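# Observations on the three-dimensional arrangement
These are the residues of each chain, in order.
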Amino acid sequence: MRAIPTLKISISGVRGVIGESLTPELLTRFAQAFGTYVGPGTLVIGRDPRTSGEMVKQAVIGGLLSAGCRILDIGICPVPTVQLLVRHHRARGGIALTASHNPAEWNALKFIDANGLFLSSGNAREMLDIYHQGDYTRVAGAEMRGVEETSGATDLHIEKILETLRPLPASQKKLRVVLDACNGAGSLVGPKLLNALGATVISINVTPNGLFPRPAEPLPENLAALCEAVLENQADIGFAQDMDADRLAVVSEKGKPIGEDYTLVLAALYALGREPGPVVANLSTTSSLEAIAKQFSCPLFLTKIGEVNVTEEMQKQKAVIGGEGNGGVIYPRINFARDSLVGMALILHLLTETGSRVTDLLETFPRFSMIKEKIVCPSNQIASVLKMIRRDYAAYRIDDRDGVKVMMPNGWFLVRGSNTEPIVRVIAEAETEQDARDLLVSVYHKVKECISR
Amino acid sequence: MKPLKIGITGVRGIVGETLTPEVVIAFSGAFGTYMEGGRILVGRDTRASGPMVRAAVMAGLLASGCEVIDLGICPTPSLQLAVSWLSANGGISITAGHNPVPWNALKFVRSDGLYLNSMQGEELLDIFHQGDFTRATWDRICREIQYQDPIEHHIERLKHVFDVEAIKARGLKVAVDCCNGACSRLIPRWLQELGCEVLAINNDLASPFPHSPEPKPETMAQLSAVVKAGHADIGFAHDADGERLGIVTESGQPLSEELTLAMAARIRLACKPGTVVTNVSTSSAIDRIAAEFGGAVVRTQVGQAYISEAIIEHNAILGGEGSGGVTVPEVQLTHDSAAAAGLILEGLALAGRRVSEVVQELPSLAMIKRNLAVEPNRLYSMLQAFRMAVEREGLTCDLTDGIRVVLQDGWIHVRASNTESMIRLIVEADNATDANRLADWARDRLTNQARGW
């Protein structure tokens, strides 16, 4: 039997397994394609602490120098730090060397434009065309530029956060915070930021060695050690980052994960209180966010799924805050990127400002129950599944920009084909868990029936 | 013509055209595979394309499971000495030696510090062409690059071999032209250790080559002026990576590069009789000097690996080539311009003589070197046609390397260059008239296709 192919080249970058599909030859070609696309100029590169990171970095440097670029190498740091530095240095773009939450054997390149945003789908397609055509800019030795290494990138990131959000007020009781950085890119900068904000920090998994102490996604089931540490240390809050420190999850003072959907909700609660304005999220985000926006009389805009779609809409609407339900908080006053560091600062400010515990804060807005399920479905049947949903639920309000989302009286559900696997995802949210489950089950059966027909 | 030369001496090409990061990565991956991982040293000369090639080499080596030590900018012989010092498995020197600025190349060094021999070179090429390289998985790949400086160790070795006190006692004034190459880090320091007053020019690592990095009379005008203006006792010219040495006398006369080995041989044989190893295209002055002192000469194919192996086989006291490369076996079994300079200074100091006096005792011969650029696919057919033409006239061809013909008043050597797509013609006779006549004779027989001499 053939091995399952691991290489994935798409508009969100190139991703593969080290020692197998993600070879240095492939990486250097991608770097050349990107260097050719953005032209000669300064590019920022940074990486997460995966074991293959050095190899990947050298392959990328070789390709970028060959294409005539100048490189600012900011070392091991969160992806949002790379994005911040691109804008700070007015660079032509950047490359983040990280496979975010994928397991240790993976690595990937993510391409960043001059605004510090991931390449839009249109730009990414143009870059991929150059990659496939293979006709890269190659400068002569005498025209080649160099690599400048800098270690101050994360300090600059902290500085930018404190400039906008200030340290926590010293008059208040010091917050006790436990941070689980997953031995990832946030391992060093995370505790440093929390200290600078004025919190008492207890850190776990902060050795950036590329060895994963837990699965990298900050899902409730992966946070047992953090929950325990919060209780043991009688902390006010626990934070969990993923490997590249863009996503953030919160554990309450009772040692319970609040669910990564509520990271953005808490952050928005503080951000909108500080300064009301438009909010942007994708259409699978919890309705709690809508409730919060309503509370502050702010408009909420829902986009297709994908970080790029959210950031593009945020720019268009001049949003105050935005993000995704997976723990990605985007706060443009500091950084136009999913940024766990910014997320932590916003939520700690919320705690000191309200003087409330996390558990109590969750009681101040309506909360919903969200359930997710996936159904195996041949790619060629996805369209007929979606058509069936549109027909059968025509009586309700429907949003079909990305799959089909149906607004029911007691909640909503979303049916959507995966971009990467032959499956259909079904997500349902309602006020109670029972309602959500009923909603999900009814849709689940319809989809199953449609596929077997 | 696209100049990429993949041969047993390594891979060499023009950056921005043929020597792409992909080719460099693949060759380094093949070398890492061939050496079966382990510790590999990497050094480079000062070419502006060095950082690009270095990054690509690092990526290829790391991906194939090697542990890498970066020696930074250093002469190739410094790297070769460091292989055993650092218990390494081999090394890659990134340098196109005496080739012009647009070129770069990889030279492959094995675990004893010598270049791969022709059979090993073939094995490496087979792996390169098959493209089936060892790929380290995430849990095996080396996480970081280490750094070492080999210069101090090289100087210590040199100090052990030569009579430092005798040279110091002479208080020599030495002018040196490092061509802004890797020798800038070694030679001025080494000469200071020898108590010389050093007049160094072109020893700035960050500047481009001020002239062709091939030490020949036509590139030594600046050095000659410094020798005269500074009243130096001798002038030394170095190539970009510390293999070849050119000499200027105290009167400012630049010597033919053929005389470097001749002078070293005379100094050496005068105090230590034995065998001298050189290649088939080097001046027969060596034979006359050896005869004078009762020594023997062994001739090999052109290329350092052949010289090194013959030195071992014949337990020789000296090796070298007409290009200005000299091997002093007590230092190491490979060309080393620092060792050659040490040998010559020691000889001058011990004999209490001036360099022009030694030159006068060397046999005076006339040599002509001509190069003919030929398309790669015609190189060997032209050589074959030449051989047939010569043999039809009843002459015997020595086929050790290319075609060498001994005639009554001199000899002719015709061969394909190892490093560039050209035919090299070398002729030597007692005087210039005879030499020109022999060169014309050879030209006529290199078929009428050969135009543009």
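Residues numbered from 1 in each chain as written. Chains lettered and ligands numbered in written order. Predicted model: local features only at pLDDT ≥ 70, side-chain atom pairs only at ≥ 80, totals over all residues. Heavy atoms only, no water.

A few words on the overall build of chain B. Scanning chain B from terminus to terminus reveals 15 helices and 20 strands. If you line up chain B on its principal axes, its C-alpha atoms span 65 × 60 × 40 Å. Counting the 453 residues in chain B, one finds 62% classified as buried. Pairs at least 24 apart in sequence give 70% of the contacts found in chain B among residues at least 6 apart. By element, 47% of the accessible surface of chain B is carried by carbon and sulfur atoms, the whole surface being about 16400 Å². Taken together, the 41 basic and 53 acidic charged side chains of chain B have centroids lying 3 Å from each other. (Helix = DSSP H or I, 4+ residues; strand = E, 2+ residues; numbered from the N terminus. Buried < 20%, exposed > 50% of the residue type's maximum accessible area, 1.4 Å probe, protein only. Contact = heavy atoms within 4.5 Å. Areas by Shrake-Rupley, 256 points an atom, 1.4 Å probe, with all protein chains shown as cover. Lys, Arg positive; Asp, Glu negative; His and termini not counted. Charge placed at Lys NZ, Arg CZ, Asp CG, Glu CD.)

So, on to the packing of helix 13 (residues 382-392) of chain A against helix 14 (residues 433-452) of chain A. Angle between the axes and distance between the axes: these two values describe a pair of packed helices. Residue and element names in this part refer to chain A. Put simply, helix 13 and helix 14 touch, their axes get as near as 10 Å, and they point 130° apart. Overall, the two elements helix 13 and helix 14 adopt an arrangement that is oblique. With respect to the hand of their crossing, helix 13 and helix 14 are arranged in right-handed fashion. When helix 13 is examined against helix 14, the residues Ser384, Val385, Met388, Ile389 and Asp392 are found in contact with a partner set consisting of Val443, Lys446, Val447, Cys450 and Ile451. For the contact of helix 13 with helix 14, the class distribution of residues is seven nonpolar, one polar and two charged. (Axes fitted to C-alpha atoms, helices over the stretch in contact; angles between N-to-C directions. Parallel < 35°, antiparallel > 145°, perpendicular 65-115°, else oblique. Left-handed = near helix turned anticlockwise from the far one by under 90°. Nonpolar A, V, L, I, M, F, W, Y, C, P; charged D, E, K, R; others polar.)

Glancing now at unusual backbone geometry. Residues and elements named next belong to chain B. Its identity is not glycine, yet Ser87 carries a phi of approximately 50°, on the positive side. On the secondary structure map, Ser87 appears in the loop between helix 3 (76-85) and strand 5 (90-94). Taking the relative accessible area as the measure of exposure, Ser87 reaches 57% and is therefore exposed. Its identity as a non-glycine residue notwithstanding, Cys179 has a phi of 55°, on the positive side. Relative to the helices and strands, Cys179 is located in the loop between strand 8 (173-177) and helix 7 (187-193). Taking relative accessible area as the criterion, Cys179 reaches 0% and is therefore assigned buried.

So, on to the environment of Lys318 of chain A. Residue and element names in this part refer to chain A. When you line up the elements, Lys318 lands in the loop between helix 10 (307-317) and strand 14 (321-324). Judged by relative accessible area, Lys318 falls into the exposed class, the value being 68%. Sequence separation between Lys318 and Val279 is 39 residues; the distance between their C-alpha atoms is 8.8 Å.

As a further point, take the pairing of strand 2 (residues 10-14) of chain B. All names here are of chain B. Extensive coverage of strand 2 is indicated by the burial of five of its five residues. The two faces of strand 2 match: Gly10, Arg12 and Ile14 on one face and Val11 and Gly13 on the other face are all buried. When strand 2 meets strand 6 (residues 103-109), the two strands line up antiparallel, connected through four bridges. Its bridge partner being in strand 6, Arg12 is matched across the sheet by Ala105. (Pairing = 2+ DSSP bridges.)

What follows deals with the interface of chain B and chain A. Listed per partner, the contact involves 28 residues of chain B and 32 residues of chain A. Note on chain B versus chain A: buried area summed over both sides is about 2400 Å², and carbon and sulfur give 68% of it. Where chain B touches chain A, the interface holds two salt bridges. A salt bridge links Glu22 of chain B to Arg138 of chain A, with the nearest nitrogen and oxygen atoms 3.0 Å apart. Connecting chain B to chain A are six residue pairs in polar contact (both at pLDDT 80 or more). Of all the secondary structure elements, the ones that give two or more residues to the side of chain B that touches chain A are helix 1 (21-34) and helix 2 (50-63) of chain B. The element that contributes the greatest number of residues to the side of chain B that touches chain A is helix 2 of chain B, accounting for nine residues. Class assignment of the residues belonging to the side of chain B that touches chain A gives a composition of 19 nonpolar, four polar and five charged. (Buried area = accessible area lost by both parts, 1.4 Å probe. Salt bridge = Lys/Arg side-chain N within 4 Å of Asp/Glu carboxyl O. Polar contact = N/O pair within 3.5 Å; in protein donor to acceptor, adjacent residues only side chain to side chain.)

Glancing now at the packing of aromatic side chains. As enumerated under the stated definition, the model contains 10 aromatic pairs over all chains in all. Taken together, a centroid distance of 4.9 Å and an interplanar angle of 40° make the contact between Phe34 of chain A and Phe111 of chain A tilted. Of this pair, Phe34 of chain A sits in helix 1 (residues 24-38) while Phe111 of chain A sits in strand 6 (residues 106-112); the two residues are 77 residues apart in sequence, bridging distant segments of the chain. The residues Phe34 of chain A and Phe111 of chain A share a single accessibility class, namely buried. Pairing Phe27 of chain B with Phe108 of chain B gives two aromatic rings, centres 5.7 Å apart and planes at 20°, and the pair type is stacked. A residue pair is termed long-range when its members are at least 10 positions apart, and Phe27 of chain B in helix 1 and Phe108 of chain B in strand 6 qualify at 81 residues. Here Phe27 of chain B falls in the buried class, since its relative accessible area comes to 0%. Judged by relative accessible area, Phe108 of chain B falls into the buried class, the value being 3%. Ring pairing ties together the aromatic residues Phe30, Phe34, Phe111 and Tyr131 of chain A, which thus form one cluster. The ring of Trp412 of chain A has Lys405 of chain A lying over it, and the distance from NZ or CZ to the ring centre is 4.4 Å. (Phe/Tyr/Trp six-rings, centres within 6.5 Å; stacked < 30°, edge-to-face > 60°. Lys NZ or Arg CZ within 6 Å of the ring centre and 35° of its normal.)

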